[in-house]
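Architecture at a glance
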Amino acid sequence: MSRKPLSDLPPNLTLYVNNLNDKINVETVKKSLREVFAAFGGITDIVAMKSLKRRGQAWIIFKEVSAATNALKSLQGFPFYNKPMRINYAKTKSDAVAKADGTYVERPKKIVKREDLRKGKTATPAPAASAAPAAAKPAEASKPTPSQKSIQDRIGWNPQQTVTAPKAVAAKPTGVTEPNKTLFVENLPSEATDTMLSMLFRQYPGFQEVRLIPGRNVAFVDYQNEYQAGMAMQGLQGFAMTPEVKLSLSYARK
DNA sequence: AGCACA
């Protein structure tokens with residue numbers, strides 16, 4: 001009995017993720033991807049860009065193939081900014097890993113030669129380091145991979161449920177909610193006051209009001225639109241209210 | 001839909 005392979009591509013340190021919501025600012029997406037994927041192991045880098053050809057996709061570069069494989073299995077179809085992530089192994093080796101294992105060769109710049117210009121052709125870049133099935137370097141600083149249980153706890157996602165009905169798992173996971181003009185502020189110091197918070201949040205255009213929830217160290221902050229809310233979120237994420245207390249911001253649930 | 005590396 002042969003089972004359906006996880007991927008039609010050979011395992012790779014890098015995962016290729018697409019079907020990402022390209023309405024979301026790429027930096028925001030990268031940050032959220034990191035939060036979600038880091039639960040499976042060390043991440044070297046995440047590459048995502050917003051150009052026409054590259055939007056909606058990201059490359060997650062892991063330190064260990066096993067981590068990539070676990071993430072691939074567990075997060076397949078994970079609802080991320082309201083779209084199920086589609087995950088595969090990357091086709092080729094990332095530059096970052098080629099650099100690390102010494103096989104990196106400078107990528108030829110796309111130079112258009114005059115003759116080719118006439119013919120309407122562009123210089124064909126020779127493929128760089130080949131996509132050899134990530135020769136897993138055994139000696140690698142390996143941070144213990146958190147159990148699958150832990151990520152389910154953190155993001156409220158049970159991979160089993162995707163098999164039959166990925167859409168049914170619409171539960172908005174923590175930290176990956178869809179954009180909203182209202183922000184949810186957590187981890188406030190108990191000394192926080194409305195005035196204090198408006199000072200902070202009114203620096204960002206579109207500010208409307210802040211609602212501190214008594215006794216919960218939590219507040220809601222309204223902006224005129226979700227874009228402005230997003231800007232404020234980026235600007236104030238992790239803001240140190242006191243040396244030991246840092247704000248945690250997300251979009252409020254709808 | 002789209003496999004990049006600024």
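Note that the structure is predicted; figures quoted are calculated from it, not measured. (Residues numbered from 1 in each chain as written. Chains lettered and ligands numbered in written order. Predicted model: local features only at pLDDT ≥ 70, side-chain atom pairs only at ≥ 80, totals over all residues. Heavy atoms only, no water.)

**Looking at the protein's contact with DNA strand B**
Formally: For this purpose, a residue is taken to be near a molecule or strand whenever a single non-hydrogen atom of the residue falls within 4 Å of it. By the criterion applied in these results, polar contacts are pairs of N or O atoms within 3.5 Å in which, for protein atoms, one can donate a hydrogen and the other can accept it, and in which residues neighboring in sequence qualify only through two side-chain atoms.
As a matter of local geometry, DNA strand B sits amid 22 residues, with M49, R54, R55, S94 and D95 nearest to it. Between DNA strand B and the protein, one listed contact pairs a base nitrogen with a backbone N or O atom of Y89 at 3.2 Å. Taking D95, its main chain carries an N or O atom lying 2.8 Å from a base nitrogen of DNA strand B.

**Describing the sheet that holds strand β9 (residues 218-223)**
In plain terms, the rule: Between any two strands, at least two bridges found by DSSP are needed for them to pair. The secondary structure listing takes helices from DSSP runs of H or I that are at least 4 residues long and strands from runs of E that are at least 2 residues long, numbered from the N terminus. Comment: axis = line fitted to C-alpha atoms, over the contacting stretch for helices; angle = value between 0 and 180 degrees taken between N-to-C directions. Here, two residues are considered to be in contact whenever any of their heavy atoms come within 4.5 Å of each other.
The antiparallel open sheet is built from 4 strands, whose spatial order is β8-β9-β7-β12. Where the open sheet ends on each side, the last strands, each with one partner, are β8 (207-213) and β12 (248-251). Each adjacent strand pair in this sheet contributes to an overall mean axis angle of 20°, direction not counted. Relative to β9, strand β7 (residues 182-186) is paired through 4 bridges, and the arrangement is antiparallel. Looking at the pairing, F184 lines up with F220 of β9. Against the sheet, helix α7 (residues 194-201) makes contact with β7, β8, β9 and β12, and its axis sits at roughly 145° relative to β8, the strand it touches most. Packing of helix α8 (residues 226-236) onto the sheet brings it into contact with β7, β9 and β12, and relative to β12 it is tilted by some 160°.

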